[in-house]
Amino acid sequence: MDLNTIAEVVRRPPEPPGELWRSGDAWLAGGTWLFSEPQPQLNRLVDLAPLGWDTLAVTDAGLEIGAMCTIRELAAFAPPPEWVAGSLLRTSCEAFLASFKVWNSATVGGNICMSLPAGPMITLTVALQASYTLWGTDGSERVVDALDFVTGNHENVLKRGEILRRVTIPIDALRKRVTHRRFTLTHLGRSTIFMIGTQRLGSTDLLLTVTAGTTRPIRMRFDSMPDADTLQQSMDAIPSGHWFDDPNGTPAHRRHLAEFYAEEIRFELAAGEPS
Ligand SMILES: Cc1cc2nc3c(=O)[nH]c(=O)nc-3n(C[C@H](O)[C@H](O)[C@H](O)COP(=O)(O)OP(=O)(O)OC[C@H]3O[C@@H](n4cnc5c(N)ncnc54)[C@H](O)[C@@H]3O)c2cc1C
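In this text the structure is predicted, and so the values were computed from the model without any measurement. (Residues numbered from 1 in each chain as written. Predicted model: local features only at pLDDT ≥ 70, side-chain atom pairs only at ≥ 80, totals over all residues. Heavy atoms only, no water.)

### Section: the pattern of salt bridges
Pairing between side chains becomes possible if they bear opposite charge and their charged atoms approach one another.
Argument step 1. Throughout the structure, instances matching the rule amount to 13 salt bridges.
Argument step 2. A salt bridge links Arg-90 to Glu-94; the shortest N-O distance between them is 2.7 Å.
Argument step 3. A relative accessible area of 42% means that Glu-94 is categorised as partly exposed.
Argument step 4. Between Arg-266 and Glu-263 there is a salt bridge, with the nearest N and O atoms lying 2.7 Å from each other. A residue pair is termed a helical-turn pair when its members lie 3 or 4 positions apart in one helix, as Arg-266 and Glu-263 do in helix α9 (residues 251-270) at three residues.
Argument step 5. What makes Glu-263 partly exposed here is its relative accessible area of 24%. (Salt bridge = Lys/Arg side-chain N within 4 Å of Asp/Glu carboxyl O. Buried < 20%, exposed > 50% of the residue type's maximum accessible area, 1.4 Å probe, protein only. Helix = DSSP H or I, 4+ residues; strand = E, 2+ residues; numbered from the N terminus.)

### Some thoughts on α9
Argument step 1. In a regular helix each residue adds 1.5 Å, so 20 residues correspond to 28 Å; α9 covers 28 Å between its end C-alpha atoms and thus fits that length.
Argument step 2. Within the span of α9, buried status applies to Arg-254, Leu-257, Ala-258, Tyr-261, Ala-262, Ile-265, Arg-266, Glu-268 and Leu-269. When α9 is viewed along its axis, its buried side chains cluster within an angular range of 165 degrees and face the same direction. Of the exposed residues in α9, the ones pointing more than 90 degrees away from its buried face are Ala-252, His-256 and Phe-267.
Argument step 3. Just beyond α9, the residue with positive phi is Gly-272, at close to 70 degrees. (Expected span 1.5 Å × (residues − 1). Arc of directions from axis to C-beta.)

This is the structure in structure tokens:
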């Protein structure tokens, strides 16, 4: 779509680009959302692509994902075999309602900053206990827990002009056993609910993440595997206002799916079935 209020596109921003920020700007990542609907409040785009940030880096501490890493690049990444949870990287990429354009151009950072309930990069990074590094317009840097970043449908903790620079997934989370459940109304459709359960190797704990069905991610931690009733009580405790309502599912449908899948995830991880 032509954005007819845009008077300028900055193709060579400085590093860090925050000093450039002014009202009416938007950081341009893959552009798959920015160019998909009118943006009358914007008059300038600042392209982050020319900054050439690293896409994926394996370190002793885990995985670093540059915000401009595309979904295609993440899906093509082959994680080390000892990362039992590594399969979730590709699974989450495939959880997009993705056209060719979205698959090839959308970025991990753009998906997180969009902060839609069905943002699969949010699901992935909350379930794997990631942190986000943010750059302020004044040159400051802060790190936030992925769980705390999205605060509602298309809402997050970013301050005006703040940039998501990188996502860090800790090695301990990448070595966990995992299982997931996802429901869509149509084949390859947008997620109605996307849930991930993880468990430390040799442990009986459970970390259960609920997304897409709720307006913000919800994560429950159990030091040992709960019984079915205890888990259902925890699901019941999710406030009714948190369940998302859109054409992909009513709040009641999403709650029903979440309770059903929570028990399946509990049963699967408790039974010690392979990830
Ligand atoms: C056909 C189609 C299907 C889609 N399916 C889904 C889906 O299933 N789930 C879903 O969540 N979304 C979906 N989207 C919406 C969108 O395309 C994705 O969320 C995509 O991941 C956005 O990434 P992008 O890199 O293209 O972001 P852009 O469109 O470039 O930017 C999105 C927003 O984030 C801001 N931004 C981008 N990067 C940064 C950064 N590093 N720091 C700070 N702000 C930043 C931009 O300024 C803008 O406000 C879909 C869109 C289309 C057109």
